[in-house]
Amino acid sequence: MLCFFLLSSLQVLSWGRHQVCHLHLHHLLHHPHQIEGVLYEETLEAESDLVYKFEWDKRNTYNQKVYGKVPVIVSVGYEYIGCSDVIHWDKLTTSLWAHDSGDVGGWSVSAYHVFNFNQDIIHRGDGTNHFLANSPLQHTTILNDVTQSSSSFPSSTSSSSSSPPSSSASSASEPQRLYGPMALAAGRDGSLYVGTWGFIKRVDSGKTDVANILQMSYSDPPYNYYITMSPVDGKLYISKQQELKILRIKTMGPVRDLSRNFEVIAGTGEQCYHGDLNRCGDSKSALKAKLSYPKGITINKDGVMFIADGTNIRTISNSGIIDTFIGFQDGPKLFRPIDCYRDVPLRRVTLHWPTSLAINPLDDS
């Protein structure tokens, strides 16, 4: 059974604008929650100290019995008098116990245990449970940052005459040389991608093998760059400030030529300045657009990329069209705080210097 205390709030926030209600009174409470693919929805009249109780039949959307501990996504929407066109949503995750997967005919002998590998739970025969996920965390060093001089790296002139560096995997237990690790991303299969000044490395999901997938140019100063993994195509994307471009890794597996294992998806290499007559390429192909100073990037579940570019947030659609999502390109730009009493369109919001971005997988915020 789930019990929720639905509390009040004095502020209504909507995507892209800021609005304050003049009447701070709840009118309706919207309460959808999702369990095992089934969406349950309730609309309640607001009242003081409102408590909502929900009992689950422990079955999924296919009417099958569910076992073990299952996640629950709970949403509470506040609808206010005087602001009926805006609903302020709060979301949280919790869990419920379904049927006991350790049932052995009602016996309570402690020797009979069942391991729930989906949720890392050991159901003991005496009715107790051991949560492996709650066990103390262990710190393990996967790769070491070994200090070394730049002379140990091949120069830009000598690398052209030598054979391309190998991408063959090596054991993660062996000493791995890193130079200035600066970026991290996780793959869909549990692999880890580490960006350094010299290479971008892939550590397999078992944390046993390490392989290079891209060699960075050693002639470039060691500026920070940002990487992210797309949940749609499983490719790694790189935001390079000094080149004013966004790159995509071509091959995630064995690579023949590490220095060419990328393709440009955005940016001409020319810098974008505010007041550009062509709005720095907005509403056109990202390959023909100018970037201001690309930093953090992230990609949502629909494949739309968000880029912290200078003082703006820009997007690249699935079809490769770039646009400014937060901020603007035309005219002079002075920082102004968001007005507390009037709506402010996203395209007129001014940010100081956005650096990193992240997507909430629950609601894409």
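Preceding this paragraph is the structure being described.
Residues numbered from 1 in each chain as written. Predicted model: local features only at pLDDT ≥ 70, side-chain atom pairs only at ≥ 80, totals over all residues. Heavy atoms only, no water.

## Observations concerning the overall build of the protein
Each helix and strand in the protein was counted, giving one helix and 25 strands. Counting every position in the protein, which comprises 365 residues, the buried fraction comes to 39%. Summarising the internal contacts of the protein: among those between residues at least 6 apart in sequence, 50% fall at separations of at least 24. Surface accessibility of the protein: about 21,200 Å² in total, with carbon and sulfur atoms responsible for 52%. (Helix = DSSP H or I, 4+ residues; strand = E, 2+ residues; numbered from the N terminus. Buried < 20%, exposed > 50% of the residue type's maximum accessible area, 1.4 Å probe, protein only. Contact = heavy atoms within 4.5 Å. Areas by Shrake-Rupley, 256 points an atom, 1.4 Å probe, with all protein chains shown as cover.)

## Details of the pattern of salt bridges
Throughout the structure, instances matching the rule amount to eight salt bridges. Across the salt bridge formed by E243 and K240, the nearest N and O atoms sit 3.1 Å from each other. Residue classification places K240 among the buried residues on the basis of a relative accessible area of 5%. The salt bridge involving K290 is made with D276; its shortest N-O contact spans 3.4 Å. With K290 in the loop between β21 (284-285) and β22 (294-299) and D276 in the loop between β20 (262-266) and β21, this residue pair connects regions lying 14 residues apart in the sequence. For K290, a relative accessible area of 25% puts it in the partly exposed group. Each of R279, D282, D309 and R314 takes part in a single network of salt bridges with overlapping partners. (Salt bridge = Lys/Arg side-chain N within 4 Å of Asp/Glu carboxyl O.)

## Brief notes about unusual backbone geometry
The residue L244 is not glycine, and still its phi comes out positive at about 55 degrees. Relative to the helices and strands, L244 is located in the loop between β18 (236-240) and β19 (245-249). The class for L244 is buried, based on a relative accessible area of 9%. Positive phi, close to 70 degrees, is recorded for S283, a residue that is not glycine. You can see S283 is positioned in the loop between β20 and β21.

## Description of the pairing of strand β17 (residues 225-229)
Taken across its five residues, β17 has four buried, putting it largely inside the fold. Here β17 folds back onto β18, and the loop between the two strands holds six residues, one of which, G234, carries a positive phi near 70 degrees. (Pairing = 2+ DSSP bridges.)

## Focus on the packing of aromatic side chains
If you walk through the whole model with that rule in mind, you get four aromatic pairs. Ring plane angle 40 degrees and centroid distance 5.6 Å describe the contact between Y293 and W353, whose orientation is recorded as tilted. Note that Y293 is positioned in the loop between β21 and β22 and W353 in the segment after β25 (321-326), a separation of 60 residues in sequence. The cationic tip of K295 hangs over the ring face of W353; the distance from NZ or CZ to the ring centre is 4.0 Å. (Phe/Tyr/Trp six-rings, centres within 6.5 Å; stacked < 30°, edge-to-face > 60°. Lys NZ or Arg CZ within 6 Å of the ring centre and 35° of its normal.)

## Remarks on the state of the cysteines
All told, the structure shown has one disulfide when counted by the stated rule. In this model, C272 is linked to C280 through a disulfide, with the two sulfur atoms separated by 1.9 Å. Between C272 and C280 the sulfur-sulfur dihedral comes to about 75 degrees; the bridge is accordingly right-handed. There is no split in this pair, since C272 and C280 are both buried. (Disulfide = S-S within 2.5 Å.)

## Let's talk about the sheet that holds β19
Taken in spatial order, the four strands line up as β17-β18-β19-β20 in an open sheet, and their pairing is antiparallel. Each edge of the open sheet carries a strand with a single partner, namely β17 and β20. Across the sheet, the mean angle separating the axes of adjacent strands is 30 degrees when strand polarity is ignored. Direction of pairing for β17 relative to β18: antiparallel, over a ladder of five bridges. (Axes fitted to C-alpha atoms, helices over the stretch in contact; angles between N-to-C directions.)

## Digging into the sheet that holds strand β23 (residues 305-309)
Neighbouring strands of a sheet are bound in pairs by backbone hydrogen bonds; such pairs are parallel or else antiparallel. Spatial strand order, β21-β25-β24-β23-β22: five strands in an open sheet with antiparallel pairing. Here the strands that pair on one side only, and so sit at the sheet edges, are β21 and β22. Note: β21 against β25, two bridges, orientation antiparallel. Each bridged residue has a counterpart across the sheet, and for K284 the counterpart in β25 is I322.

These figures capture arrangement, not role.
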